[in-house]
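Structure assessment
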Amino acid sequence: MTLVGRLGRRVFPLSDDIWTHLARKLPMLSAVMMVLGIAWLLVLPIEGQSRRTYVSENALLSGQALTHFSGSEINVVSGVREEVRLLRNVSDSVRTDTIRTWLTDMQYKAGVQPWEHTDRGRRRAGANVYGVLHAPRGDGTEAMVIAAPWNNAAGQFNELGVAVALSLARYFTRWTIWSKDIIVVIPSDPWMGLASWVSAYHTEDSLPVTSGAIQGAVVLDFPQPHGRFDSIEIQYEGINGALPNLDLINSAATICDQTGINIMIHGIEPAQVSNSYQSRRASLIAGILRQARAGLSDLGTGSQAFSGWRIDAITLSAHVDSNNADGHQPHDEMVYGRVVEAVVRSFNNLLEHFHQSFFFYLLLDPHRFVSIGTYLPAAMLCAASYTVNGIGHWIHASLLTTQSGLETVTALAAFGVIVTASWASMFAFAMLPASTTLEAFGTALLLCASVPYTLPKLVGAQPASFLHRFQAVALIYLGLFLTTLATLNFPLAMVLSVVLYPTQQHIGPRAAAAASAPPWREAVRRLNTAVALTCSCPPFLALAAALLTTPLRTADVRALLGKRLVPLFEDLVCGFRAVGVWTFVPVAFCVLVPVWTAACVVASTPVLPAAAKAASKPDGHGRGRSELRRSHSKRRSSHSV
């Protein structure tokens, strides 16, 4: 910046005024870019900005195959359902032995995969049972999976899901049309258990029975004990921003439409969906929030376990609408089984892996979507606003000092130390026992609350130019990260851009308020800074996320926090270590915490009194910048005369 400034001053006599004017306007441009990014997102639900879904791969033949799962099969489903109900309260060993015996009798090659994961003193263990039916017309190089966990993500017993999966497993042995192997998996857990099986299938040799490359998977979620449902929710969210191919979702939606079943997405009931802007906007926001939180166990639908292995998977969840909870639902388990059969038949028709349709999209309703080329500019504008504001702080710092090189090295080193310390604290937190999670959170909250008071004493007074440059480094770092993240995980990048916005717009060096300014203006500035730092504080954000779904009528605060906060942190650590969810723990400790700490440093560090006069220091030619400006103005007036 110093070299550019010197060249600018030699070419343009009034370059100082230009840089000063630019430094003042860039924060305003940054705010405009953030508003434009959010406005761009809100424009997408308008009619004409989205496209109607369609199936790109014609070989799928969605809904065109004649399904036969009916008639006498209803007796099989009823019988299996009664047997599954008896296994509800037994041990994992009894369950796996029973299911393995059933699959063996159905001519499947059955196996059991015990799994165990111990992290921070907490042990999670279980056993997955599965069976492989080799395709009569296949060569064993490709397979498709039907999974039905014993409990769904909400903790409900998946009685009919397991019963329908086992009934379909028996039903599929009577057909010779299969060109891909069929794998039926009954995991003990819809999140860690199924993820352990998928990982062992691809990386370990411990599985007694294996098959070819998995082309697609469907997870059954049918917890309704009375066997009736109103609609099917297609859950497709994947970890780390990965989504299944849109052809798979469109095929399932086409099959449901032809069967006469209402479709749900993002937890919005069909009765609340209409062809209006408000409905599409609600679905868009709900989809972004759900995808941004994907990877937590309470949202860990079984299909998320396949997303890290280039396997397209969806979860078909049977739902009872809230306005029709009187038991008069129009569909039963046989209709649900025919939908699953049709989806598996579409898998079987694939000539190659899903590839033609979209992998990056946002669904506005079951039949309308927005592609990446349409929604990506929203996140890019929001992310670039941080970079633009950082450039403004950098220019401001260059105008206040002539020692830009030394300050640049110092600012980069200081921010690097903060990032390294935050990275080290992440590993320290991951090594703490699970029983101390609540105490560790309280300690982190106290440390964050004391940062604005302890940092000024540790750092000491600094020039305003250094603080501007230090904040510029943090904002440019954040802007580059969010720009990269937007191409991988758009929902998370969009949410972080909005959440972290207070760290750039309302926080600056304390010297920003002139000494002659009224006292109320300094009070307002301090209030804005306190609110901005509180709203973007990492422990505060974690606490807000943990309490969002918890009723506030609980009197015992410790019990309330232990019920929501402790499981949240345990899920974050286990997801990071066991499943590979890098969108929470690394992002929080490598981006959120360092940027917030840098904002605290800038807002709380005292400014050296001499920094206010830095603008009049000599520029290396014996004259101060203010003197140069006066000479430039005289020269301009003489030319005008």
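Here's what I pulled together on the structure shown here. (Residues numbered from 1 in each chain as written. Predicted model: local features only at pLDDT ≥ 70, side-chain atom pairs only at ≥ 80, totals over all residues. Heavy atoms only, no water.)

Scanning the protein from terminus to terminus reveals 20 helices and 13 strands. Among the 641 residues that make up the protein, the fraction classed as buried is 53%. Within the protein, counting contacts between residues at least 6 apart in sequence, those at least 24 apart form 82% of the total. Accessible area of the protein: about 28100 Å², with a carbon and sulfur share of 61%. (Helix = DSSP H or I, 4+ residues; strand = E, 2+ residues; numbered from the N terminus. Buried < 20%, exposed > 50% of the residue type's maximum accessible area, 1.4 Å probe, protein only. Contact = heavy atoms within 4.5 Å. Areas by Shrake-Rupley, 256 points an atom, 1.4 Å probe, with all protein chains shown as cover.)

Quick look at the sheet that holds strand β4 (residues 142-147) now. Spatially, eight strands are ordered β2-β3-β5-β4-β6-β10-β8-β9 in an open sheet, and the strand pairing comes out mixed. Looking at strand neighbours, the two that pair on one side only are β2 (109-119) and β9 (262-264), the edges of this open sheet. With direction set aside, neighbouring strand axes in the sheet form an average angle of 25 degrees. One ladder, built from five bridges, connects strand β3 (residues 122-133) with strand β5 (residues 181-186); its direction is antiparallel. In the strand pairing of β5, Val132 is matched with Ile183. Against the sheet, helix α6 (residues 192-203) makes contact with β2, β3, β4, β5 and β6 (213-221), and its axis sits at roughly 115 degrees relative to β2, the strand it touches most. (Pairing = 2+ DSSP bridges. Axes fitted to C-alpha atoms, helices over the stretch in contact; angles between N-to-C directions.)

In this approach, a probe sized like a water molecule rolls over the atoms, and the result shows the empty space that is left. According to the stated counting rule, one finds four cavities of 30 Å³ or more in the structure shown. Its volume calculated, the largest cavity comes out at about 180 Å³. The set of elements that each furnish at least two residues to the lining of the largest cavity consists of α8 (277-292), β12 (361-365), α10 (372-400), α13 (464-488) and α14 (490-499). Grouping the amino acids of the lining of the largest cavity by side-chain chemistry returns 14 nonpolar, seven polar and no charged. (1 Å grid on protein atoms, 1.4 Å probe; cavity = no way out; pocket = protein on both sides within 12 Å on 5 of 7 lines; lining within 4 Å. Points joined across faces, edges and corners; volume = space filled by probe spheres on them. Nonpolar A, V, L, I, M, F, W, Y, C, P; charged D, E, K, R; others polar.)

A word on the sheet that holds strand β13 (residues 368-371). Pairing is antiparallel in the open sheet, where three strands are placed in the order β1-β13-β12. At either margin of the open sheet sits one strand with a lone partner, and together these are β1 (51-52) and β12. Bridge count for β12 against β13 is four bridges, and the pairing is antiparallel. In the strand pairing of β13, Tyr361 is matched with Ser371.

Attention now moves to the packing of aromatic side chains. The geometry of an aromatic ring pair is captured by two quantities: the separation of the ring centres and the angle between the planes. Taken as a whole and judged by the stated rule, the model has 17 aromatic pairs. Each ring, one from Phe415 and one from Phe470, has its centre 6.3 Å from the other, and the planes form 70 degrees; the classification is edge-to-face. Taken as a pair, Phe415 in helix α11 (residues 404-431) and Phe470 in helix α13 lie far apart in primary sequence, 55 residues in all. The same class applies to Phe415 as to Phe470, namely buried. Taking 5.0 Å as the distance between ring centres and 65 degrees as the angle between the ring planes, the aromatic pair formed by Phe415 and Tyr477 counts as edge-to-face. Here Phe415, found in helix α11, pairs with Tyr477, found in helix α13; they are 62 residues apart in sequence, far enough to count as distant. (Phe/Tyr/Trp six-rings, centres within 6.5 Å; stacked < 30°, edge-to-face > 60°.)

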